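Per-entry structural report
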Amino acid sequence: MRIIALAFLLCLASQSEAAQMPLAVLPGGAVIFKPIQSVRERKFADLVQQKTDFSCGAASLATILRQAYWLDVNEEQIIEGMLAHADQDLVRVQGFSMLDMKRYVESLGMRARGYRVAPETLHSIRIPVVVLMDVRGYKHFVVLQRVDKGWAYVGDPVLGHKRYKVDDFIKGWNGIIFAVIGKGYDKTNALLDPPMPLTAKNRINGFSPVQDTELMDFGFIQSDFF
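Residues numbered from 1 in each chain as written. Predicted model: local features only at pLDDT ≥ 70, side-chain atom pairs only at ≥ 80, totals over all residues. Heavy atoms only, no water.

Looking at an unreviewed UniProt entry, the protein carries the name Peptidase C39, with the source organism given as Pseudomonas alkylphenolica.

Here it is in structure tokens:
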């Protein structure tokens, strides 16, 4: 009965916010507390989630400034800062541009530049950068975290952590990266080590049959196999 209750609590955990879950698993019913993280929190770990239809650039920039430079800024502050130097009518129609982001970053005393990068050199980028992707005809800013072993790892302010085959990433990418340069860069920032996507395929691929000899090491006897 205790196992069933525990399973039920774990199911609820996937939908709730991170918390300390009490588990009565020690002899005598003593309680220990296990930190848990919801699936949604895992999906957006270390990322700033966009709150408006036109703020993907602001959220992506906030992610880099917060995680790579430890600046205490949020999406709303960056939107206000970019609007101060942008054509507001144009923003309402097209959203923010890399030029708007560049002007905002420079207002912080940092540098920002856009670079055209050859697809075959993507793996050599060693810092998180903002890139513009075409997602089904919709222009969308995301954070390119790293490219490794044929995969492009992306922090999407709408979808969370994603990864794409490099060829698929290149199809939707405009070939330009937007890099922020300034003092205080954390070379070990969390964006360079994105979590693996939470998919059933990844979980299943981690399982493999247990050999009979291994089962016997755990106390099974030969007659258990007949």
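Moving on: the nonpolar core. Counting 31 residues, the largest nonpolar core has Leu61, Ile64, Leu65, Ile78, Met101, Phe178 and Val180 as the members making the most contacts within it. Of all elements in the fold, only α3 (56-69), α4 (75-83), α6 (98-107), β4 (129-135), β5 (138-148) and β8 (173-181) reach the threshold of two or more residues within this core. Beyond its immediate stretch of four places on either side in the chain, Met101 contacts Gly57, Leu61, Met82, Val130, Phe141 and Phe178. Within the second largest apolar cluster, 16 residues are counted, among which are Ile125, Met133, Val154 and Ala179. (Core = buried A, V, L, I, M, F, W, Y, C linked by side-chain atoms within 4.5 Å. Buried < 20%, exposed > 50% of the residue type's maximum accessible area, 1.4 Å probe, protein only. Helix = DSSP H or I, 4+ residues; strand = E, 2+ residues; numbered from the N terminus. Contact = heavy atoms within 4.5 Å.)

Attention now moves to the pattern of salt bridges. Inspection of every chain in the model, using the stated rule, returns five salt bridges. The salt bridge partner of Glu106 is Lys102, with a shortest N-O separation of 2.5 Å. Of this pair, Glu106 and Lys102 are both found in helix α6, four residues apart, which corresponds to roughly one turn of the helix. For Asp134, the salt bridge is made with Lys139, and the minimal N-O distance between the two is 3.2 Å. You can call Asp134 partly exposed: its relative accessible area is 35%. (Salt bridge = Lys/Arg side-chain N within 4 Å of Asp/Glu carboxyl O.)

For the rest of this paragraph, the subject is the layout of surface pockets. Empty space within the largest pocket amounts to approximately 360 Å³. Gln94, Gly95, Phe96, Ser97 and Phe141 are, among the 22 residues lining the largest pocket, the residues nearest its centre. Broken down by secondary-structure element, the contributors of at least two residues to the lining of the largest pocket are α5 (88-94), α6 and β5. A total of five residues in the lining of the largest pocket trace back to one element, the largest contributor, which is α5. (1 Å grid on protein atoms, 1.4 Å probe; cavity = no way out; pocket = protein on both sides within 12 Å on 5 of 7 lines; lining within 4 Å. Points joined across faces, edges and corners; volume = space filled by probe spheres on them.)

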